[in-house]
Amino acid sequence: MARTRGREKNPMATAKNLPVLRVPRFAMLPDKGAWTNRFEIRSSSSNRIYVIAQSKTGRHWGCSCPAWIHRRTCKHIVSLGLPAFERPHEVALQGAG
Ligand SMILES: [Zn+2]
């Protein structure tokens, strides 16, 4: 095992000073296809679960809800402070709790 002495915990996040997005650890999901930084959110108006994720190639954020699929914007990504309309945006995703 290499000894790093904990100096390089997350060089990308610290170097770029990215905004931090905290997500409950239980809601975080593994990458799937072209999507990374995936996590589940529960709809406030129903019991549905939607998935928020970041495109690996375009670096924009998307949601699995009908609004985002049809219009590329929805209340879920807006309420998280993420940009709509497939605008690239980087955050440091942190599991919390
Ligand atoms: Zn949505």
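Going by the structure above, here's the rest.
Residues numbered from 1 in each chain as written. Predicted model: local features only at pLDDT ≥ 70, side-chain atom pairs only at ≥ 80, totals over all residues.

**Q** Even after reading the chapter, I still don't get the overall build of the protein chain, so can you show me in this structure?
**A** For the protein chain, the count of helices and strands is three helices and six strands. Secondary structure of the protein chain in N-to-C order comes out as α-β-β-β-β-β-α-α-β. Split into buried and exposed, the 97 residues of the protein chain put 14% on the buried side. For the protein chain, restricting intrachain contacts to residue pairs at least 6 apart in sequence, the fraction spanning at least 24 positions comes to 40%. (Helix = DSSP H or I, 4+ residues; strand = E, 2+ residues; numbered from the N terminus. Buried ≥ 20, exposed ≤ 12 C-beta atoms within 10 Å, placed from the backbone. Contact = placed C-beta atoms within 7 Å.)

**Q** What is the right way to read the sheet that holds strand E2 (residues 28-29) from this model?
**A** Pairing between the strands of a sheet is mediated by backbone hydrogen bonds and can be parallel or antiparallel. Strand order in the open sheet made by the four strands is E2-E3-E4-E5, with antiparallel pairing throughout. Of all strands in the sheet, those with a lone pairing partner are E2 and strand E5 (61-63), marking the two edges. In the sheet, E2 pairs with strand E3 (residues 35-42) via two bridges, with the strands oriented antiparallel. The partner of methionine 28 across the bridge, within E3, is phenylalanine 39. (Pairing = 2+ DSSP bridges.)

**Q** Can you walk me through the environment of valine 20 in this structure?
**A** Looking at the secondary structure, you find valine 20 in strand E1 (residues 20-24). Sequence separation of valine 20 and leucine 93 is 73 residues, and the distance between their C-alpha atoms is 6.0 Å. Ignoring anything within four residues of it in the chain, the contact list for valine 20 reads Val91, Ala92 and Gln94.

**Q** How should unusual backbone geometry be read in this particular structure?
**A** For residues that are not glycine, phi is negative in most cases, and the peptide bond is trans in most cases. The residue asparagine 37 is not glycine, and still its phi comes out positive at about 50°. The residue asparagine 37 is located in strand E3 in this model. Positive phi is not limited to glycine here, since arginine 59 has a value of about 65°. Considering the arrangement of structural elements, one finds arginine 59 in the loop between strand E4 (49-55) and E5. Overall, arginine 59 belongs to the partly exposed group, with 14 C-beta atoms counted inside 10 Å.

**Q** What am I meant to see in the pairing of E4 here?
**A** On a regular strand, one side chain projects to one face of the sheet and the next to the other, so that they alternate. The pairing of E3 with E4 spans six bridges and is classified as antiparallel. Opposite phenylalanine 39, over in E4, you have isoleucine 52 as the bridge partner. The turn joining E3 and E4, which pair antiparallel and follow one another in sequence, is formed by six residues. Sheet analysis places E4 next to E5, joined by three bridges and oriented antiparallel. Across the sheet, residue alanine 53 finds its bridge partner in E5, namely glycine 62. Linking two consecutive strands that pair antiparallel, namely E4 and E5, is a turn of five residues; a positive phi of about 65° is found at arginine 59 within it.

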